[in-house]
Amino acid sequence: MAHPYSLLLPELMEDGEPFLSNLDIFLFSLIAGLIIYWVMFRKKAEAIPEFKKLETPAPAARESSFIEKMKKTGKNIVVFYGSQTGTGEEFANRLSKDAQRYGMKGMAADPEEYDMSELSRLKEIDNSLAIFCMATYGEGDPTDNAQDFYDWLQESDADLDGVNFTVSFSSCFFFIFVNDDGNLEEDFVSWREQFWPAVCEHFGVEATGEESSIRQYEPFDSKNPFLSPVTVNRKLNKGGDRHLMHLELDITGSKIRYESGDHVAVYPTNDSNIVNKLGEVLGVDLDTVISLNNLDEESNKKHPFPCPTTYRTALTHYLDVTSCPRTNVLYELAQYASDPKDQENMRKMASSSPEGKALYQTWVLDSSRNILAILEDLPSLRPPIDHLCELLPRLQARYYSIASSSKVHPNSIHICAVVVEYQTKTGRTNKGVATNWLKNKVPTDNGHKATVPMYIRKSQFRLPFKSSNPVIMIGPGTGIAPFMGFIQERAWLKQQGKNLGETVMYFGCRHKNEDFLYQEELEAFEKEEVLTQLNVAFSRDQEKKVYVQHLLKNNKEEVWRQIHKDNAHIYICGDARNMARDVQTVFYEIAEELGGMTHTQAVDYIKKLMTKGRYSQDVWS
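Predicted model, so just to flag it, every value in this text is computed and none were measured.

Enquirer: I'm lost on the overall build of the chain in this one. Help?
Expert: Assigned secondary structure in the chain consists of 21 helices and 22 strands. Residues counted as buried form 43% of the 621 residues belonging to the chain. A separation of at least 24 residues holds for 74% of the contacts in the chain among residues at least 6 apart in sequence. By element, 50% of the accessible surface of the chain is carried by carbon and sulfur atoms, the whole surface being about 34800 Å².

Enquirer: I tried to follow a negative patch on the surface on my own but got confused; where do I start?
Expert: Together, Glu112, Glu113, Asp144 and Asp148 make up a region of like negative charge exposed at the surface. Within the element layout of this structure, Asp148 appears in helix H5 (residues 147-155). The exposed category is assigned to Asp148, whose relative accessible area is 54%.

Enquirer: What is the right way to read the sheet that holds strand S22 (residues 615-620) from this model?
Expert: One open sheet accounts for five strands, arranged S20-S19-S18-S21-S22; its pairing is parallel. In this open sheet, the two edge strands, each paired with only one partner strand, are strand S20 (533-538) and S22. Strand-to-strand twist across the sheet, computed as the mean angle between neighbouring axes with direction ignored, equals 10 degrees. Bridge count between strand S18 (residues 471-474) and strand S19 (residues 503-509): four bridges; the pairing is parallel. Each residue of the ladder has a partner; that of Ile474, found in S19, is Tyr506. Sitting on the sheet, helix H20 (residues 576-595) is in contact with S18, strand S21 (569-575) and S22, with an inclination near 150 degrees to S21.

Enquirer: How should unusual backbone geometry be read in this particular structure?
Expert: If a residue is not glycine, its phi is most likely negative; likewise, a peptide bond is most likely trans. The omega angle of the peptide bond from Cys307 to Pro308 is 0 degrees, so this bond is cis rather than trans. Position of Pro308 among the secondary structure elements: in the loop between strand S11 (289-290) and strand S12 (309-310). Despite not being glycine, Asn127 has its phi angle at roughly 45 degrees, a positive value. Relative to the assigned elements, Asn127 resides in the loop between strand S4 (106-109) and strand S5 (129-137). With phi around 55 degrees, Tyr518 is a residue other than glycine that occupies positive phi space.

Enquirer: Honestly, the pattern of salt bridges in this entry has me stumped. Any pointers?
Expert: Opposite charge on two side chains lets them pair, provided their charged atoms get close. The final tally for this structure, using the stated rule, is 23 salt bridges. Among the ionic pairs, Arg192 bridges to Asp98, the shortest N-O distance being 2.5 Å. With Arg192 in helix H6 (residues 184-203) and Asp98 in helix H4 (residues 87-98), this pair connects stretches of sequence that are 94 residues apart. By relative accessible area, which is 22% here, Arg192 ends up partly exposed. Between Glu355 and Lys348 there is a salt bridge whose closest N-O contact spans 3.1 Å. Salt bridges sharing partners connect three or more residues here, namely Glu68, Lys71, Glu118, Arg121 and Glu124.

Enquirer: I tried to follow the sheet that holds strand S14 (residues 412-418) on my own but got confused; where do I start?
Expert: Backbone-to-backbone hydrogen bonds pair the strands of a sheet. The strands run either parallel or antiparallel. If you walk across this open sheet you meet the six strands as S13-S10-S17-S8-S9-S14, and the pairing is antiparallel. Of all strands in the sheet, those with a lone pairing partner are strand S13 (398-401) and S14, marking the two edges. Within the sheet, the average angular offset between the axes of one strand and its neighbour, ignoring direction, is 40 degrees.

Enquirer: Help me understand H20, please; the structure alone is not making it clear to me.
Expert: The α-helix advances 3.6 residues per turn, and as a result positions three or four apart in sequence lie on the same side. Here H20 has its buried residues at Met579, Ala580, Val583, Gln584, Val586, Phe587, Tyr588, Ile590 and Ala591. Check the buried side of H20 and you find it contacts S18, helix H18 (548-554), helix H19 (556-565), S21, helix H21 (599-611) and S22. Put simply, Asp575 is the residue that caps the front of H20, since its side-chain oxygen is 3.1 Å from the backbone nitrogen of Arg577. Taken from the residues just after H20, Gly596 is the one with a positive phi, measuring 65 degrees.

Enquirer: Where do I start with the nonpolar core in this structure?
Expert: The nonpolar side chains of a soluble globular protein tend to be buried with one another. With 35 residues, the main nonpolar core has Phe305 and Leu315 as its most contacted residues. Elements with a contribution of two residues or more to this core: helix H7 (272-282), helix H8 (311-318), helix H9 (327-333), helix H10 (340-349), helix H11 (354-365), helix H12 (371-377) and helix H13 (385-391). Excluding residues within four positions of it along the chain, Leu315 makes contact with Asn270, Val275, Leu278, Leu286, Val321, Ile385, Cys389 and Leu392.

Enquirer: Explanation requested: the confidence of the model for the chain in the structure shown.
Expert: Per-residue confidence for the chain averages 85 on the pLDDT scale, and 83% of its residues sit at or above 70. Overall, residues 1-61 carries pLDDT values under 50, and its contacts beyond four positions in sequence, including any with other chains, amount to seven contacts. Scored below 50 in pLDDT, residues 164-171 shows 21 contacts in the model against residues more than four places distant or in partner chains.

Enquirer: Even after reading the chapter, I still don't get helix H3 (residues 66-73), so can you show me in this structure?
Expert: Those residues of H3 lying buried are Phe66, Ile67 and Met70. Down the axis of H3, the buried set is contained in an arc of 105 degrees. They therefore lie on one face. Elements that come into contact with the buried residues of H3 comprise strand S3 (77-82) and S4. Where H3 terminates, the next one or two residues include Gly74, which has phi positive at roughly 70 degrees.

Enquirer: Help me understand the environment of Leu534, please; the structure alone is not making it clear to me.
Expert: Within the secondary structure, Leu534 is located in strand S20. According to the relative accessible area criterion, Leu534 is buried, its value standing at 15%. Along the backbone, Leu534 and Met505 are 29 residues apart, and their C-alpha atoms lie at a distance of 5.0 Å. Residues in contact with Leu534, not counting those within four places in the same chain, are Met505, Phe516, Leu522, Glu523 and Glu526.

Enquirer: Would you mind going over the packing of aromatic side chains with me for this structure?
Expert: Aromatic ring pairs are reported here in terms of the distance separating the ring centres and the angle at which the planes meet. All told, the structure shown has 20 aromatic pairs when counted by the stated rule. The interplanar angle of 20 degrees and the centroid separation of 6.1 Å between the aromatic rings of Phe149 and Trp152 together place this pair among those described as stacked. Pair noted here: Phe149 and Trp152 are both in helix H5, with a separation of three residues, about one helical turn. Measuring from centroid to centroid gives 5.6 Å for Phe461 and Phe486, while their planes differ by 25 degrees, and the two rings are stacked. Within this pair, whereas Phe461 is found in the loop between strand S17 (451-457) and S18, its partner Phe486 is found in helix H15 (residues 481-495), the two being separated by 25 residues in sequence. When its relative accessible area of 0% is taken as the criterion, Phe486 is described as buried.

Enquirer: Quick question: what am I supposed to make of the packing of H10 against H11 here?
Expert: Two measures define how a pair of helices packs: the angle their axes make with one another and the distance between the axes. Contact geometry for H10 and H11: axes closest at 7 Å, N-to-C directions at 105 degrees. On the basis of the axis angle, H10 is roughly perpendicular to H11. Across the interface between the two elements, Asn345, Lys348 and Met349 from H10 touch Glu355, Gly356, Leu359, Tyr360, Trp363 and Val364 from H11. Here the contact of H10 with H11 is composed, by residue class, of five nonpolar, two polar and two charged.

Parameters at a glance
Residues numbered from 1 in each chain as written. Predicted model: local features only at pLDDT ≥ 70, side-chain atom pairs only at ≥ 80, totals over all residues. Heavy atoms only, no water. Helix = DSSP H or I, 4+ residues; strand = E, 2+ residues; numbered from the N terminus. Buried < 20%, exposed > 50% of the residue type's maximum accessible area, 1.4 Å probe, protein only. Contact = heavy atoms within 4.5 Å. Areas by Shrake-Rupley, 256 points an atom, 1.4 Å probe, with all protein chains shown as cover. Patch = residues over 30% accessible without salt bridge, like charges linked within 9 Å, V, L, I, M, F, W, Y side chains within 5 Å. Salt bridge = Lys/Arg side-chain N within 4 Å of Asp/Glu carboxyl O. Lys, Arg positive; Asp, Glu negative; His and termini not counted. Charge placed at Lys NZ, Arg CZ, Asp CG, Glu CD. Pairing = 2+ DSSP bridges. Axes fitted to C-alpha atoms, helices over the stretch in contact; angles between N-to-C directions. Polar contact = N/O pair within 3.5 Å; in protein donor to acceptor, adjacent residues only side chain to side chain. Core = buried A, V, L, I, M, F, W, Y, C linked by side-chain atoms within 4.5 Å. pLDDT = per-residue confidence, 0-100. Arc of directions from axis to C-beta. Phe/Tyr/Trp six-rings, centres within 6.5 Å; stacked < 30°, edge-to-face > 60°. Parallel < 35°, antiparallel > 145°, perpendicular 65-115°, else oblique. Nonpolar A, V, L, I, M, F, W, Y, C, P; charged D, E, K, R; others polar.

Here you go:
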């Protein structure tokens, strides 16, 4: 169909000349279009609605008390900044983060936002410290955000008794001034290197690691572990019926930072044999895809583990199937036992009666029965697998003391562990989840790398701030792990020309020819005089057993001199139930005998060492 305009135009022609010019046609079309638009699309005028005036809610009151904020957040250092261009604020943030290295917690604060008259209350917080990082501009004028504080200082009669640095009270002030003359960064670093040792001396605390990286954001953690390739997995012991192993995890390119004394967390998977047996006993297809949804719609936790998934994946990666079930699990499962006697016993074990507690202790705990063993020993108990998955606890990460120093091995984390395997009273062989899983993580050359999901957990188990302080390390068995890192770091410090205090090691094992862990490395460190003394207790190489605490007692005069006169730091790693307790008892006895103390005084003496960070333990039961 032709355009309407093409039908009209020929009628407007006369003697071959156009009746209307092109401009006339354009204007005519434009006017016609506007008229059509107005007729077809215009709307009636709408009444303007009346709006009620909204009551603007008053803004929430801002916390003006830095003292209350410090108390709520557990901070004991506050760094106030006067900043015009951001430099003072940057330095304040760096100083507040530094506090973490010294076992303290800091916060940066703008004096304009807080009631500065509360400075006199700072002594309410133990071991508190106020730092003022103040910039100036113009002719030495205070910055805009510090002007009110400056005026307050000039005009008020502030009562700051108890917070003067020259008096040994719980709080003190430090002022540093920032301007744009010279090399600011260089001046700040120089001042900072002198400042923190002075703080440590004033408060009687030790640094947890001067050069550790204090990161505000960590790339890898419990919810986002790093898949680290295993580069070394070797057996440490030369004989015996145990398997002690040394592994090295590659962290190249991960930006993971660690310090000697930190822990590495690994996420193991359950033994496939146990998982398969559970499927067989319960008669289910483990590869069935499932999604367990929380019936409580208000709950933040929608699933007990990531869903959708399969029963096999849940039982392998997410659920703890090797621990002894708790009483609440037994109570919930009892309803599925077809034998009334089994039901009765399961409910009894979940009760608070003395008889029930004793039954749970002997039948479950002392016999080391996991959920598979319980299902095998109670044939009438066949719960639905989905309910079982709901009841079982989550499989947790396992933590190991790192057996290396990042100064020597920045791209590698070392683990020292013993493979757990034992016979239960029921005749079964129970195996540790993580250690057996790690044992099988063997590096290969076929292109497939064995990997371990891991992340770092920071620790307070740190070498002394001053390398000249003596250290006494006590770690039998795999308790030697963190001390391998400590000794490597002391060797590195010696290479840097640092003055080393005495470095004394007390190690214990069963037989010299079987499980003297890291023997070659330790003896080399002793030969290089990095280790001042290497004391080893071989507990079963003679008729009467000898342990590390016996060696300590034999060296009591030397030990007392190192602790009492030379400011030595004591480190203990290993079994908490027996070894750590027995070692602590020996220190009490040494303090009583050579320090002339009563038992109560000796206990207080060791407690004070703990408070000062000079008696540290990394122990497990």
